[in-house]
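# Observations on the three-dimensional arrangement
So you can see what is in the structure, the chains are spelled out below.
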Amino acid sequence: MTTDTTGKASPARKQRKSRNQPKAQAALRLPDYPGTLSRIASANPDFSVLIVDDCRPTRMLVRSILNACGVSNIKDAVDGAEAPEVLDSSLPDLIISDVQMTPLDGIEFSRLIRNDPHSPNPRMPIVIMTGHTEEGRIVALREAGLTDVVAKPLSPKMLCRSIVTALQKSDSGALVA
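Residues numbered from 1 in each chain as written. Predicted model: local features only at pLDDT ≥ 70, side-chain atom pairs only at ≥ 80, totals over all residues. Heavy atoms only, no water.

## Section: the state of the cysteines
One pass over the full model with this rule turns up zero disulfides. Cys160 forms no disulfide, and the closest cysteine sulfur to it belongs to Cys69, at a distance of 3.4 Å. Residue Cys160 is classed as buried on the basis of its relative accessible area, which comes to 1%. (Disulfide = S-S within 2.5 Å. Buried < 20%, exposed > 50% of the residue type's maximum accessible area, 1.4 Å probe, protein only.)

## A word on the pairing of strand 2 (residues 73-77)
For strand 1 (residues 48-52) and strand 2, the ladder comprises five bridges, and the chain directions are parallel. Note on strand 2: the bridge partner recorded for Val52 is Ala77. (Pairing = 2+ DSSP bridges. Helix = DSSP H or I, 4+ residues; strand = E, 2+ residues; numbered from the N terminus.)

## Let's talk about the sheet that holds strand 4 (residues 126-130)
Ordered by their spatial adjacency, five strands build an open sheet running 2-1-3-4-5, and the pairing between neighbours is parallel. Only two strands of the sheet have a single partner each, and these edge strands are strand 2 and strand 5 (148-151). Across the sheet, the axes of successive neighbouring strands diverge by a mean angle of 20 degrees, strand direction being ignored. Together, strand 4 and strand 5 form the strand contacts of helix 6 (residues 135-143), whose direction differs from that of strand 5 by roughly 145 degrees. (Axes fitted to C-alpha atoms, helices over the stretch in contact; angles between N-to-C directions. Contact = heavy atoms within 4.5 Å.)

## Remarks on the nonpolar core
Core analysis: the largest hydrophobic core is formed by 25 residues, its most contacted members being Leu37, Leu66 and Ile96. Of all the elements in the fold, those that place two or more residues in this core are helix 2 (33-43), strand 1, helix 3 (56-68), strand 3 (94-98), strand 4 and helix 7 (156-169). Considering each element in turn, this core owes the most residues, six residues, to helix 7. With near-sequence residues (within four places) excluded, Leu66 lies in contact with Leu37, Val49, Ile51, Val71, Ile74, Ile96 and Ile163. (Core = buried A, V, L, I, M, F, W, Y, C linked by side-chain atoms within 4.5 Å.)

## Looking at the pairing of strand 1
Counting buried positions along strand 1 gives five out of five residues, so the element sits mostly inside the fold. Going residue by residue along strand 1, you find Ser48, Leu50 and Val52 tucked away on one face and Val49 and Ile51 tucked away on the opposite face as well. In this region the chain leaves strand 1, passes through helix 3 and returns to the parallel neighbour strand 2; the handedness of that crossover is right-handed. Taken together, the four bridges between strand 1 and strand 3 define a ladder with parallel strand orientation. Looking across to strand 3, one finds that Leu50 is bridged to Ile95. (Right-handed = clockwise from strand over helix to strand, strands pointing away.)

## Re the environment of Thr130
Looking at where Thr130 falls in the secondary structure, it is placed in strand 4. Along the backbone, Thr130 and Ser97 are 33 residues apart, and their C-alpha atoms lie at a distance of 8.9 Å. Here Thr130 is in contact with Val99, Leu141, Val149, Val150, Ala151 and Lys152, once residues within four sequence places are set aside.

## Details of helix 5 (residues 106-115)
Looking only at helix 5, the buried set comprises Gly106, Ile107, Phe109, Ser110, Ile113 and Arg114. Along the long axis of helix 5, the arc covered by the buried residues comes to 160 degrees, so they all point the same way. The elements touched by buried residues of helix 5 are strand 1, helix 4 (83-89), strand 3, strand 4 and helix 6. Between the side-chain oxygen of the N-cap and the backbone nitrogen of Ile107 there are 3.1 Å, and the N-cap of helix 5 in question is Asp105. (Arc of directions from axis to C-beta. Polar contact = N/O pair within 3.5 Å; in protein donor to acceptor, adjacent residues only side chain to side chain.)

So, in C-alpha cells, the structure goes:
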C-alpha cells in the first residue's frame, strides 16, 4: 500500500524517494574548481597573481582564498593607476581586479593592458570582480577585454571557477591542462 486512508504517502513510499536522492545530487555535482586551482599552483610553483582593488578587506579576502588553494606568489595594487607599476616589477600569470576604483577603474586598467603598445602582455587573463551583474553590464565588461567576471559578494568556489575559466580561455590554458 502506497497511501494511507488520509491520502498521505506511506513510509515505504518515503523510503523510495530518499533512496533516489543521492543519484540526483550526484548528477548535479559541480567541478572542483578550488582543487583544480590547487593542482595548478602545485604543478607551477612560480604561478603568480596580481590583485587590484582599492578595498583592503577585499584584497585580504582574495589573498586568503588564493592561499587556501596553494597560490602563494601574490602581489597587490590599491588601484588601476598603481597596478602598471607593479606589472613593471613582476609579470603575473593572472590579474584579479575590482571594477570601481579611482583614479583608474578596472575597465580602464584592463583596456590599458589590452591596448597599450608598451603592455607587458596584452593577452594577460583578467578576472574582474563586480557587484553589478546585470546582463548589459557583463556584456560591456567582456567587450572591454576582460577574460571572466565574478560576482560580489565573493565565494571561494566562484572565484576559483572564474580563475580556472580565465586560464583556460587564455594563452595560459596550458597551466590548466
